[in-house]
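# Analysis of the macromolecular model
The primary structure of each chain is shown beneath.
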Amino acid sequence: MSNEQTFIAIKPDGVQRGLVGPIISRFEQRGFKLVAMKLCSPSKEHLEKHYADLSGKPFFNGLVTYMLSGPIVAMVWEGREVVKTGRAILGATNPLASPPGTIRGDYAIDVGRNVCHGSDSVENAKKEIALWFNENELISYKQAQFDWIYEKA
Ligand code: UDP
Ligand code: MG
């Protein structure tokens, strides 16, 4: 399936540190298709919903405060196995455990300042995309380079 979708976000530290371009480039250069993108400042309630699965964790309040500390770039990327591959492009949750060549391994040190988010399963990607975007914000188009990236659709 070359139309799998994932939710990728550049967190406030990534935006403030000027990493929007480099992070987007990694997904573009790999061959994935950008389907939606916006710079936004979501509410506390929205971010608590996004991270609802982690509400019992000791770092939850700090995480929500971090996510509220500045604008976020929210995106949807599409392509074959983009959920799993997107996580590989991001790297490990703890940047110090993330090898060079990954976004976190190249640009971050602390787990609480790890510059990016990516959905961890196809099911969660669907939920996150629905939370962050209206259906009319997801743009349908043919990627001009599609046949140069995929042998078969
Ligand atoms: N986080 C943290 N301390 C931890 C674990 C996670 O501050 O010990 C933050 C970190 O920003 C991470 C986010 O919580 O990206 C969500 O955690 P999750 O386990 O879902 O990691 P991810 O899916 O982002 O790799
Ligand atoms: Mg996660």
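Each remark here, short or long, concerns the structure printed above.
Reading guide: rules and limits
- Residues numbered from 1 in each chain as written.
- Chains lettered and ligands numbered in written order.
- Predicted model: local features only at pLDDT ≥ 70, side-chain atom pairs only at ≥ 80, totals over all residues.
- Heavy atoms only, no water.
- Helix = DSSP H or I, 4+ residues; strand = E, 2+ residues; numbered from the N terminus.
- Rg over C-alpha atoms; globule rule 2.2 N^0.38 Å.
- Near = heavy atom within 4 Å.
- Polar contact = N/O pair within 3.5 Å; in protein donor to acceptor, adjacent residues only side chain to side chain.
- Nonpolar A, V, L, I, M, F, W, Y, C, P; charged D, E, K, R; others polar.
- Buried < 20%, exposed > 50% of the residue type's maximum accessible area, 1.4 Å probe, protein only.
- Contact = heavy atoms within 4.5 Å.
- 1 Å grid on protein atoms, 1.4 Å probe; cavity = no way out; pocket = protein on both sides within 12 Å on 5 of 7 lines; lining within 4 Å.
- Points joined across faces, edges and corners; volume = space filled by probe spheres on them.
- Arc of directions from axis to C-beta.

### Notes on the overall build of the protein chain
- Regarding its fold elements, the protein chain presents 8 helices and 4 strands.
- Going residue by residue from the N terminus, the α and β elements of the protein chain occur as β-α-α-β-α-α-β-α-α-β-α-α.
- A globule of 153 residues ought to have a C-alpha radius of gyration of about 15 Å, and the protein chain, at 15 Å, matches this closely.
- The principal-axis extent of the C-alpha atoms belonging to the protein chain is close to 45 × 35 × 25 Å.

### A look at the site of ligand 1
- All residues adjacent to ligand 1 are Lys11, Tyr51, Leu54, Phe59, Leu63, Tyr66, Arg87, Thr93, Arg104, Val111, Gly112 and Asn114.
- A distance of 2.9 Å separates an oxygen atom of ligand 1 from a polar atom in the side chain of Lys11.
- Arg104 places a side-chain nitrogen or oxygen 3.2 Å from an oxygen atom of ligand 1.
- By residue class, the composition of the shell around ligand 1 is 6 nonpolar, 3 polar and 3 charged.

### Here's the deal with the environment of Thr85
- Note on placement: Thr85 falls in helix α5 (residues 82-90).
- With relative accessibility at 14%, the residue Thr85 sits in the buried group.
- Between the C-alpha atom of Thr85 and that of Phe27, which follows or precedes it by 58 residues, the distance is 9.6 Å.
- The contacts of Thr85, once residues within four sequence positions are left out, are Arg30, Phe32 and Arg80.
- A distance of 2.6 Å separates the side chain of Thr85 from the backbone oxygen of Glu81, its partner in a polar contact.

### Topic: the layout of surface pockets
- Here the largest pocket is characterised by a volume of approximately 710 Å³.
- Contributing to the lining of the largest pocket are 27 residues, with His50, Tyr51, Leu54, Leu63 and His117 lying nearest its centre.
- Only α3 (44-50), α4 (60-67), β4 (116-118) and α7 (122-132) provide two or more residues apiece to the lining of the largest pocket.
- Here the lining of the largest pocket takes 4 residues from α7, the largest share from any one element.

### Details of α7
- Inspection of α7 places Asn124, Ala125, Glu128, Ile129 and Trp132 among the buried residues, and these make up the whole buried set. Projected onto a plane normal to the axis of α7, the buried residues spread over an arc of 135° and lie on a single side. The exposed set on the far side of α7, more than 90 degrees from its buried face, consists of Glu123, Lys126, Lys127 and Ala130.

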